[in-house]
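Structural overview for review
Listed here are the chains, written in short residue letters.
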Amino acid sequence: MKLAILFLGPMALLLLAGCGCVLGASSGNLHTFVGCAVREFTFLAKKPGCKGLRITTDACWGRCETWEKPILEPPYIEAHHRVCTYNETKQVTVKLPNCAPGVDPFYTYPVAVRCDCGACSTATTECETI
C-alpha cells in the first residue's frame, strides 16, 4: 500500500482516510486496521538551493468511518466524512546539506504526537473532494 503525502508550505502532512491510537502492528494487520494512528513515515525534505535530506518522522495514518444518507430537504444529502488527521504535533527543525550561499539551510516540519478522526481543515491540510 502506498502512502500519500500532501504538502502545505514547509509542512508535510500525511493524510489517508482513518480514530486515535498508536499503531504497532505487523504489515498484515495494516490492511485490516480501522482507525487513526501515529506511524513512522519517511520523506525527502528539500528546498531550492539545498540538497535533499531523507527524514524519518511520525505521521498520521489510517481510515475513518464515513457515510452519506439522502434527506428530503436541500442539499438532499447528509454527509459525514472524516479523515485521519493530526490532533497534536510538535515542530522539528533540521539543517539541510550543501545549501548555496545566501540560502537558509533550515527546514521545519511537523511530527505527529496524536492523531484522530476529524473534519479536514483547510488551515493545515489540502482537502480534496471527489
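Residues numbered from 1 in each chain as written. Predicted model: local features only at pLDDT ≥ 70, side-chain atom pairs only at ≥ 80, totals over all residues. Heavy atoms only, no water.

Below, the discussion takes up the state of the cysteines. Summed over the entire model, instances satisfying the criterion amount to four disulfides. In this model Cys50 forms its disulfide with Cys99; the gap between the sulfur atoms is 2.0 Å. As the torsion about the S-S bond is roughly 110°, the Cys50-Cys99 disulfide counts as right-handed. Residue Cys50 is located in the loop between β4 (35-45) and β5 (53-63), and its partner Cys99 is located in the loop between β8 (83-95) and β9 (106-118); the two are separated by 49 residues in the primary sequence. Of the residues examined, Cys99 reaches a relative accessible area of 23% and is grouped as partly exposed. The disulfide that involves Cys60 links it to Cys115, with 2.1 Å between the sulfurs. Looking along the S-S bond of the Cys60-Cys115 disulfide, the torsion reads about -85°, which is the left-handed sense. Of this pair, Cys60 sits in strand β5 while Cys115 sits in strand β9; the two residues are 55 residues apart in sequence, bridging distant segments of the chain. (Disulfide = S-S within 2.5 Å. Helix = DSSP H or I, 4+ residues; strand = E, 2+ residues; numbered from the N terminus. Buried < 20%, exposed > 50% of the residue type's maximum accessible area, 1.4 Å probe, protein only.)

Core analysis: the biggest nonpolar cluster contains 20 residues, and Phe43, Tyr107 and Tyr109 have the highest contact counts within it. Elements that contribute at least two residues to this core include exactly β4, β5, β8 and β9. For this core, the element with the highest residue contribution is β9, accounting for six residues. (Core = buried A, V, L, I, M, F, W, Y, C linked by side-chain atoms within 4.5 Å.)

Two measures describe an aromatic ring pair: the distance that separates the ring centres and the angle between the ring planes. Tallied over the full model, the rule gives three aromatic pairs. With a centroid separation of 6.5 Å and 45° between ring planes, the pair formed by Phe43 and Tyr107 is classed as tilted. On the criterion of sequence distance, the pair formed by Phe43 in strand β4 and Tyr107 in strand β9 is long-range, its members being 64 residues apart. No difference in accessibility class separates Phe43 from Tyr107, as the two residues are buried. On the numbers, 5.7 Å between centres and 75° between planes, the contact of Phe43 with Tyr109 is edge-to-face. Taken as a pair, Phe43 in strand β4 and Tyr109 in strand β9 lie far apart in primary sequence, 66 residues in all. Members of the aromatic cluster, each reached through a chain of ring pairs, are Phe43, Tyr107 and Tyr109. (Phe/Tyr/Trp six-rings, centres within 6.5 Å; stacked < 30°, edge-to-face > 60°.)

This brings us to the confidence of the model for the chain. With 75% of its residues at a pLDDT of 70 or more, the chain has an overall mean of 78. Considering only residues more than four positions removed or in separate chains, one finds that residues 1-27, a stretch of pLDDT under 50, has 86 contacts. (pLDDT = per-residue confidence, 0-100. Contact = heavy atoms within 4.5 Å.)

Where strand β6 (residues 67-70) and strand β7 (residues 77-80) come together, four bridges link them in antiparallel fashion. If you follow Pro70 over to β7, its bridge partner there is Ile77. Where β6 folds back on β7, the antiparallel hairpin that results is connected by six residues, among which Tyr76 adopts a positive phi of roughly 70°. (Pairing = 2+ DSSP bridges.)

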